[in-house]
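These are the residues of each chain, in order.
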Amino acid sequence: MATQGTQDDNRLVSSVPLPSGTITFLFTDIEGSTKLLTGLGTDRYHEVLEVHTQALRRAFADGGTEIRIEGDALFVVFPSASKAVHAAAAAQRALAAARFPHGAVVRVRMGMHTGEGTPASRAAGADYVGIDVHRAARIAGVAHGGQILLSAATAMLAASDLGEGTTLRDLGAHRLKDLSSPEQIRQLVIEGLPSDFPPLRSLDNVPNNLPTQPTTFIGREADIAEGLRLLDTTRLLTLIGPGGTGKTRLSLQLAAEALSVFPDGAFWVPLAPITDPTLVPSTIARALGVQVAGKEDPLQRVMDHVRGKRLLLVLDNFEQILPAATDVSAILDAGSDLKVIASSRAPLRIAGEQEFPVAPLDLPDPERLRSLDVLAQSDAVRLFIERARAVKPDFTVTAENAMAVAEICARLDGLPLAIELAAARVKVLTPQAMLPRLRKGLDLLASGSPDRTDRQRTLRGAIAWSYELLDDGLRRFFARSSVFVAGSTLEELEAVCGPASDIGGEVFERLSELVDNSLTRRIDADGGSRYRMLVTIREFATEKLEASGEAPEIRQRHFAAYLALAERAAPQLQGNDQRRWLDLVEREHDNIRAALEHALSAGRVDDATRLVFALWRFWQVRGYLREGVVWSERVLALPPGDARVRLRALEAAGGLIYWMGDMPTTQGYYRQAYDQAGALGDVAERAKAAYNLSFTFLLTRTDLPQAEALLKEALALQRGLGDGAASGRTAFALGSLYGQGFDRDRGDRLRAKELAREALAQHRTLGNRFDIAWDLYLTGISALRLGEMDAAIAEWRESLQMFVDAADSSGIVLLLSNYGEHARALGDLEREATLVGAWTALGERTGVGLASLWGPSEGRTLAKDIVPAHQAAFDRGRAMKTDEAVAFALAAPTVGR
């Protein structure tokens, strides 16, 4: 084996030229080496390490080339996958047979991948660059001591020649720390050695929402080590630096590296799209999967959720919502085992904060620029090479371009974003041709921006330089696309940023050019591809949009696009494809917020009203009731526009507050709508307003005759209009009126069942899933009132499943309360208490207050009515998660009637 140095030599081993072409990369290290060092002491540890290293080197001697040794970690390459597998198996056998000094137990983990081996410098024995070497390192990183892991590529190539006594075991696909797609991993099973290990330390085995990355993480080994050290000693680690220094990428990498320490998960909270500090708690809640709605305080919900959990939060781009730092402090106080990594241009300035300035990448030593192997060890140069190869696979640093590459990285101050922008240009410019243009652009900016720091000027200059290389049409498209605050789909870009005659080509072609130039990034997710700018680039593009004079028109186009999307989605939010449309609106929520803010700021009250009305069902179902009320009230506070349009704002505000259980306020909004519809002489609107207003009397039992009169008025008008969907809903409401009260006779209850069946038949014909679920809710109640116990359960089973499928918290709460009534009717008071606990807790978590409006006089037991004998059952129900409560309800017994 070609090698040089000892286990204390952390330099590149470069006595011979490195192999290139298709090779197998093998990484090894000792599991728990720090603990071993602490227990043995330095001198004795090095004796152990010597035995370990010599055993590995003997095993790797047949065909292996040692590239690097750092303490207990080796990096070796092999000319074939089979040789690497044979060597790794021999190494594990040798380690198992070795007698280590001082009784030490040494377990070594190994990982390998086969791919393209391209040395950073072919003229000297430097390290490799490219995705394949990173993949091998990441595979080794998820292994356990004594375990050998292979990528799919290595396993396929070595399968026919694994060596005697070895087989492969498929461990499935796993997300690794900074790779963009899951890796299929196999384990090499060696006869006579342990083969059963814990689950791999991959991202899949700990709860998280850390986004996959389109590119690999380069360098910053010292920053990662220091960041992990600081995170071990503090609860709030704030990565601070100007835009473009790589704070976001470093924070995500730290989270991925530390993931195994947080069994309850690590969660990324992207804050760049929001500018209102009051939205921070609900944004954190959404990232954690915590549902918040109604009267409940989102901050309190998050605090309750983190209490007792060992969690990591990554709060990204905090600088524009710094007043929310007090909320972060409150969350940290609530969860003693919670830790936070924040990225910001300024510190949060709260107790316990540890600031961690993020410096630029390491630059090459200016005294040794002509040494290619020294260049290849600079993080800045490595990043340039990696990103250049992404657009020009055959790019390499040579004696001819080395000085230019080094000066480019130096002039860009080692700022990762600036380097990526420059590297993207090697597709059309050599480094030698790029350098004089870049010098000129940066020098011009430095003389014209005295109010900025050197790094701000450098980064801005790099973006400006990249921008100036675009043609006029592409510059216009770049500026226009900044209007999207949280990325966009191709369809929305086409609607807002064209036409082709304005931007010099079709939107897709121009978008591809921005992606190629690293000015826009493509993100592939479950909902399809999205395109978004990094925060710093978007800030620059926004300035260009404002300077162009096109900003008002483009913002209005943006508003129109999202109004169209919301109005297209609105009728689907209650249909058979409800979940897909709810998810679509959720993905675009930040853009919709920006569109709504634009309309309100511009005083376009009718436009804002249409958007609020289209969204209110989404806000209700997905737990944004409080936010929806704020938007609705802001609309209603503007000078009135079209009277018919204003009815929509009153309906939205009333509907949102209705689901919060505040009937007096709801009645005020619905009464205004009822009176205004009458004044306009609009029959359809009058019918809808009468229907809505009736519920404020029906649910509070304050005036049931008034509720009945309003519903009969609405039903007559709707039948006259031939509005089947609306008349079905009104039949449902009348059925509720006749069926809910226990002071009604059997004739009323039969009438309630008849009306509920009428509504259900109407809505099944129309395919309105939302209404069908509520009709089934009512047919079940009617059956219960008539003593048809099994029929009630059958109706509710289908209804509850529909609410679960749609993640409709309002429906789930009410159905759980109904199952409690069923248990009470059967005399199973213990089961009833469990269900009361479950629906009470879920109602508190989601803010749904409707179930608690009715008490024992209507057949429903409330939390305050639970007797001591059933308190334990109630507490069990309160502790249930939503899915556990649903499963418990669905297990209701049948009684044959």
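Residues numbered from 1 in each chain as written. Predicted model: local features only at pLDDT ≥ 70, side-chain atom pairs only at ≥ 80, totals over all residues. Heavy atoms only, no water.

## Looking at the confidence of the model for the protein
Here is step 1 of the chain: Chain-level pLDDT for the protein is 87 on average; 91% of the residues reach the 70-or-more range.
Here is step 2 of the chain: Looking at the elements of the protein, mean pLDDT is at its lowest for helix α11 (residues 372-376), recorded as 62, and at its highest for strand β11 (residues 312-316), recorded as 97.
Here is step 3 of the chain: Every residue in residues 1-15 scores below 50 in pLDDT, and together they form 46 contacts with partners more than four places removed in sequence or on other chains.
Here is step 4 of the chain: Across residues 445-450 the pLDDT falls below 50, and counting only partners more than four positions away or on other chains, this stretch makes six contacts in the model. (pLDDT = per-residue confidence, 0-100. Helix = DSSP H or I, 4+ residues; strand = E, 2+ residues; numbered from the N terminus. Contact = heavy atoms within 4.5 Å.)

## Remarks on the side chain of arginine 425
Here is step 1 of the chain: Considering the arrangement of structural elements, one finds arginine 425 in the loop between α14 (416-423) and α15 (431-448).
Here is step 2 of the chain: Nearest to the buried, unbridged arginine 425 among oppositely charged side chains is glutamate 513, at 7.7 Å.
Here is step 3 of the chain: Among the polar contacts listed, one links the side chain of arginine 425 to the side chain of asparagine 517, at a separation of 3.3 Å.
Here is step 4 of the chain: Apart from the residues lying within four places of it in its own chain, the contact partners of arginine 425 are Met434, Trp465, Ser466, Leu469, Leu470 and Asn517. (Buried < 20%, exposed > 50% of the residue type's maximum accessible area, 1.4 Å probe, protein only. Lys, Arg positive; Asp, Glu negative; His and termini not counted. Salt bridge = Lys/Arg side-chain N within 4 Å of Asp/Glu carboxyl O. Polar contact = N/O pair within 3.5 Å; in protein donor to acceptor, adjacent residues only side chain to side chain.)

## Some points on the side chain of serine 482
Here is step 1 of the chain: Summarising the element assignment, serine 482 is placed in the loop between α17 (472-480) and α18 (490-497).
Here is step 2 of the chain: Serine 482 gets classed as buried once you look at its relative accessible area, which sits at 1%.
Here is step 3 of the chain: Dropping the residues within four chain positions of it, serine 482 is found in contact with Met533, Arg538, Ala541, Thr542 and Leu545.

## Topic: the sheet that holds β11
Here is step 1 of the chain: Pairing is parallel in the open sheet, where five strands are placed in the order β10-β11-β12-β9-β13. The sheet is open, and its two borders are formed by β10 (266-270) and β13 (353-357), each paired with just one other strand. Between one strand and the next, the sheet's axes are offset by a mean angle of 20°, whatever the strand orientation.
Here is step 2 of the chain: One ladder, built from four bridges, connects β11 with strand β12 (residues 339-344); its direction is parallel. (Pairing = 2+ DSSP bridges. Axes fitted to C-alpha atoms, helices over the stretch in contact; angles between N-to-C directions.)

## Structural notes on unusual backbone geometry
Here is step 1 of the chain: Looking along the chain, the bond that leaves glycine 498 and enters proline 499 is cis, with omega of 0°.
Here is step 2 of the chain: Its location among the elements puts proline 499 in the loop between α18 and α19 (500-503).
Here is step 3 of the chain: If you check the backbone angles, histidine 102 has positive phi at about 65° while not being a glycine.
Here is step 4 of the chain: Note that histidine 102 resides in the loop between α3 (81-97) and β4 (108-119).
Here is step 5 of the chain: Although it is not a glycine, asparagine 317 adopts a positive phi angle of roughly 65°.

## Some words on helix α10 (residues 325-334)
Here is step 1 of the chain: Burial within α10 is extensive, with seven of its 10 residues counted as buried.
Here is step 2 of the chain: Where the residues of α10 are buried, they touch β9 (236-240), α8 (280-288), α9 (298-306), β11 and β12.

## Here's the deal with the nonpolar core
Here is step 1 of the chain: By size, the foremost hydrophobic cluster in this structure holds 172 residues, and its most contacted members are Phe384, Leu412, Phe477, Phe478, Leu611, Trp619 and Tyr819.
Here is step 2 of the chain: Leaving out residues up to four positions away in the same chain, tyrosine 819 has contacts with Ile793, Trp796, Arg797, Leu800, Leu835, Ala889, Leu890 and Ala892.
Here is step 3 of the chain: Core analysis: the second largest hydrophobic core is formed by 36 residues, Leu49, Ala91, Leu95 and Phe100 among them. (Core = buried A, V, L, I, M, F, W, Y, C linked by side-chain atoms within 4.5 Å.)

## Observations regarding the pattern of salt bridges
Here is step 1 of the chain: In this structure the tally under the stated criterion is 57 salt bridges.
Here is step 2 of the chain: Among the ionic pairs, aspartate 223 bridges to arginine 220, the shortest N-O distance being 2.7 Å.
Here is step 3 of the chain: The exposure class of arginine 220 is buried, given its relative accessible area of 5%.
Here is step 4 of the chain: Taken together, the shared-partner salt bridges connect Arg286, Arg579, Asp583, Glu586 and Arg622 into one network.

## Focus on the packing of aromatic side chains
Here is step 1 of the chain: Inspection of every chain in the model, using the stated rule, returns 17 aromatic pairs.
Here is step 2 of the chain: Taking 4.3 Å as the distance between ring centres and 5° as the angle between the ring planes, the aromatic pair formed by phenylalanine 27 and phenylalanine 75 counts as stacked. Note that phenylalanine 27 is positioned in strand β1 (residues 21-30) and phenylalanine 75 in strand β3 (residues 73-78), a separation of 48 residues in sequence. Here the two residues phenylalanine 27 and phenylalanine 75 agree in accessibility, since each one is buried.
Here is step 3 of the chain: Three or more aromatic residues joined by ring pairs make a cluster, and in this case those are Tyr658, Trp659, Tyr691, Phe695, Phe770, Trp774, Tyr777 and Phe803. (Phe/Tyr/Trp six-rings, centres within 6.5 Å; stacked < 30°, edge-to-face > 60°.)

## Considering the packing of helix α23 (residues 578-587) against helix α25 (residues 605-621)
Here is step 1 of the chain: Between α23 and α25, the shortest axis-to-axis distance is 11 Å and the interhelical angle comes to 100°. If you check the angle between α23 and α25, you find them roughly perpendicular. Touching Leu582, Val585 and Glu586 of α23 are Leu615, Phe618 and Val621, all from α25.
Here is step 2 of the chain: In the contact of α23 with α25, the residues fall into five nonpolar, no polar and one charged. (Parallel < 35°, antiparallel > 145°, perpendicular 65-115°, else oblique. Nonpolar A, V, L, I, M, F, W, Y, C, P; charged D, E, K, R; others polar.)

## A word on the pairing of β10
Here is step 1 of the chain: Among the five residues of β10, four are classified as buried, and the element is accordingly described as predominantly covered.
Here is step 2 of the chain: In the sheet, β10 pairs with β11 via five bridges, with the strands oriented parallel. Looking at the pairing, valine 269 lines up with leucine 315 of β11.

## Description of the environment of glycine 192
Here is step 1 of the chain: As for its placement among the helices and strands, glycine 192 is situated in the loop between β8 (183-190) and α6 (221-233).
Here is step 2 of the chain: Classification of glycine 192 by relative accessible area gives exposed; the value is 75%.
Here is step 3 of the chain: Sequence-wise, glycine 192 and methionine 110 are 82 residues apart; in three dimensions their C-alpha atoms are separated by 18 Å.

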